[in-house]
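This is what each chain is made of:
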Amino acid sequence: MKVHEIRADFPILEDVIYLDSASTSLTPEPVLEAVLDYYRAYKANVGRGVYRLAQMADQRYRDAHRKAAAFVWGVEGVTIFTRNTTESINIVARGLSWKRGDRIVTTLLEHHSNLLPWMRLKEMGVELEVMRPDREGRIDLADWEKAIAEGTRLVATTQLSNALGTVIPVKEIARICRERGAALLVDGAQSVPHMPVNVKDIDCDFLCFSGHKMLGPTGAGVLWMRKEEKNEKNEIEPLLVGGGMVEDVFDDEYEIKQGYEGFEAGTPDISAGIGLGAAVDYLTRAGVEEIHEHEMRLTRKLLVGLEKIAGIEIFGPGRDSSEARGGVVSFAVNGLLPHEVALMLDQAANISVRSGHHCCIPLMKHLGLKYGTVRASLYLYNTEDEIDKLLAALEQIARMG
Ligand code: PLP
């Protein structure tokens, strides 16, 4: 992976040091071209027309599903395009048939998008157990074993914490789920863009992720699920019904199409879907393993540098646990609010980082971080030089704290 070649595809990087990819990634030129190409050269609706343009749009949109599925080794499942991870998780929460007393296990590490959809089900008599991680975001497997008791219907967990960078052992959790007859939903919003994720290897039932966090445009996310016939117990009722998703319609009944189309009623965000396909091509060309290694190298450098600055406290796994973390680094500067630090980095050094609770208010409360943290999150286009600049700016800022 040649970072300087990759950076040429992101002209915005000439103006800014972008360290907020966990929020949304930048989008490279080839992906933008794929989106524009759809509008310029073959704009037509999908799944409907027989004329050439419509066939072309349909083929590209279908190909994008195939690419997204292959990216997570999920071609044998059903890969639905949604708007984003939030919508994917809500489709599962709304689409499964729940009964009073069903149990859901999740964690306090979760992004609100993997917490609120389950909280809402409590109104229907569903029991929710929210497991508490330690200060580094870890939960012992023994605690998972205990929490996933008989009668657990679903376990919903992130694979990589967007607030602390902790990697959760989803494969081991899947094994416990299998033993106990529970389904497993993995929130892959932060893992799929940054490390190889293989649904077959994990053995999960649902995987949710967002195109805009993996070089794609906004407007296309993914819900992957096991193939219907293997997944009878966890069959999902489509969230929306209407045009484009029916095999046949009678006077007072309808028959839903097999595959992704049955879940995508109405005209989808076609260009975003095609853009997501192009983003997958881009990531595949760069190599997901290489991207992960590159990010881990930068993360180690950042952690080592932060440890040396007096007045900075790091949250999440330290540099010794590089195996079990991703390129998301949360920290605080003594005497300054996270938003103040982020504003100073922006104004003084043109560095974009996130600050606040990162849509993880319960986790921040659990860690006693009323104002949240400062978060630097890395991607394939970041460089060692940018990390040096961040550390130099933080050294100055920490002196003011
Ligand atoms: N889950 C995690 C772990 C995230 O980091 C995010 C976004 O930051 C989401 C879910 C929600 O993603 P989206 O806003 O694309 O729906």
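Conventions adopted
Residues numbered from 1 in each chain as written. Predicted model: local features only at pLDDT ≥ 70, side-chain atom pairs only at ≥ 80, totals over all residues. Heavy atoms only, no water. Helix = DSSP H or I, 4+ residues; strand = E, 2+ residues; numbered from the N terminus. Rg over C-alpha atoms; globule rule 2.2 N^0.38 Å. Buried < 20%, exposed > 50% of the residue type's maximum accessible area, 1.4 Å probe, protein only. Areas by Shrake-Rupley, 256 points an atom, 1.4 Å probe, with all protein chains shown as cover. Pairing = 2+ DSSP bridges. Axes fitted to C-alpha atoms, helices over the stretch in contact; angles between N-to-C directions. Domains from an automatic or database assignment. Contact = heavy atoms within 4.5 Å. Buried area = accessible area lost by both parts, 1.4 Å probe. Core = buried A, V, L, I, M, F, W, Y, C linked by side-chain atoms within 4.5 Å. Parallel < 35°, antiparallel > 145°, perpendicular 65-115°, else oblique. Left-handed = near helix turned anticlockwise from the far one by under 90°.

A.B. asks: Break down the overall build of the chain for me, with residues and values.
C.D. replies: Of regular secondary structure, the chain possesses 13 helices and 15 strands. Over its C-alpha atoms the chain spans a radius of gyration of 22 Å, differing by no more than 12% from the 21 Å that the globule rule assigns to 401 residues. Overall size of the chain, expressed as C-alpha extent along the three principal axes, is 75 × 55 × 30 Å. Residue burial in the chain is summarised as follows: out of 401 residues, 56% are buried. As displayed, the chain has an accessible area near 17,400 Å², and 49% of this comes from carbon and sulfur atoms.

A.B. asks: An account of the sheet that holds strand E7 (residues 206-210) is needed here, citing residue identities and associated values.
C.D. replies: Strand order across the open sheet formed by seven strands is E2-E8-E7-E6-E5-E3-E4, with mixed pairing between neighbours. Where the open sheet ends on each side, the last strands, each with one partner, are strand E2 (78-82) and strand E4 (127-131). Across the sheet, the axes of successive neighbouring strands diverge by a mean angle of 15 degrees, strand direction being ignored. Direction of pairing for E2 relative to strand E8 (residues 221-225): antiparallel, over a ladder of five bridges. Across the sheet, residue Phe-81 finds its bridge partner in E8, namely Val-222.

A.B. asks: Can you explain the domain arrangement of the chain? Please cite residues and give values.
C.D. replies: Taken domain by domain, the chain holds domain 1 (3-20 + 288-400) and domain 2 (29-284). Between domain 1 and domain 2, the C-alpha centre-to-centre distance is 28 Å. Contacts between the two partners involve 34 residues from domain 1 and, on the opposite side, 32 residues from domain 2. Where domain 1 abuts domain 2, roughly 2,800 Å² becomes buried across the two surfaces, and 60% of that area is made up of carbon and sulfur atoms.

A.B. asks: How would you explain the nonpolar core if you had to name every residue and give the values?
C.D. replies: For soluble globular proteins, nonpolar side chains are generally found buried alongside one another. Core analysis: the largest hydrophobic core is formed by 100 residues, its most contacted members being Trp-118, Trp-144, Leu-154, Phe-206, Leu-207 and Tyr-381. Looking at this core, the element that brings in the most residues is helix H9 (residues 270-286), giving ten residues. Residues lining this core come from more than one domain, with at least three contributed by each of domain 1 (3-20 + 288-400) and domain 2 (29-284). In this structure, Leu-154 is in contact with Leu-96, Trp-98, Arg-103, Ile-104, Val-105, Trp-118, Ala-183, Leu-185 and Phe-206, ignoring residues within four places of it in sequence. Within the second largest apolar cluster, 27 residues are counted, among which are Leu-19, Leu-302, Val-333 and Ala-342.

A.B. asks: A description of the sheet that holds strand E15 (residues 373-377) should follow, citing residues and the corresponding values.
C.D. replies: Reading across the sheet, the four strands line up as E11-E12-E15-E14 and stay open at both edges, with antiparallel pairing between neighbours. Both outer strands of the open sheet, strand E11 (312-315) and strand E14 (354-356), are each paired with one neighbouring strand and no more. Adjacent strand axes in the sheet meet at a mean angle of 30 degrees when their direction is disregarded. By the bridge criterion, four bridges tie E11 to strand E12 (residues 328-333) in an arrangement that is antiparallel. Note on E12: the bridge partner recorded for Phe-315 is Ser-330. The strands that helix H10 (residues 288-307) touches are E11, E12 and E15; relative to E12, the one it contacts most, it runs at about 15 degrees. Sitting on the sheet, helix H13 (residues 384-400) touches E11, E12 and E15, and the angle it makes with E12 is about 20 degrees.

A.B. asks: Explain the packing of helix H3 (residues 52-71) against H9 to me, using residue names and the numbers behind them.
C.D. replies: Close contact between H3 and H9 brings their axes to 8 Å; oriented N to C, the two are set at 45 degrees. With respect to their mutual orientation, H3 and H9 come out oblique. Where H3 crosses over H9, the handedness of that crossing is left-handed. Between H3 and H9, the contacting residues are Ala-57, Arg-60, Tyr-61, Ala-64, Lys-67, Ala-68 and Phe-71 on the first element and Ile-270, Gly-273, Ile-274, Gly-277, Val-280, Asp-281, Leu-283 and Thr-284 on the second.

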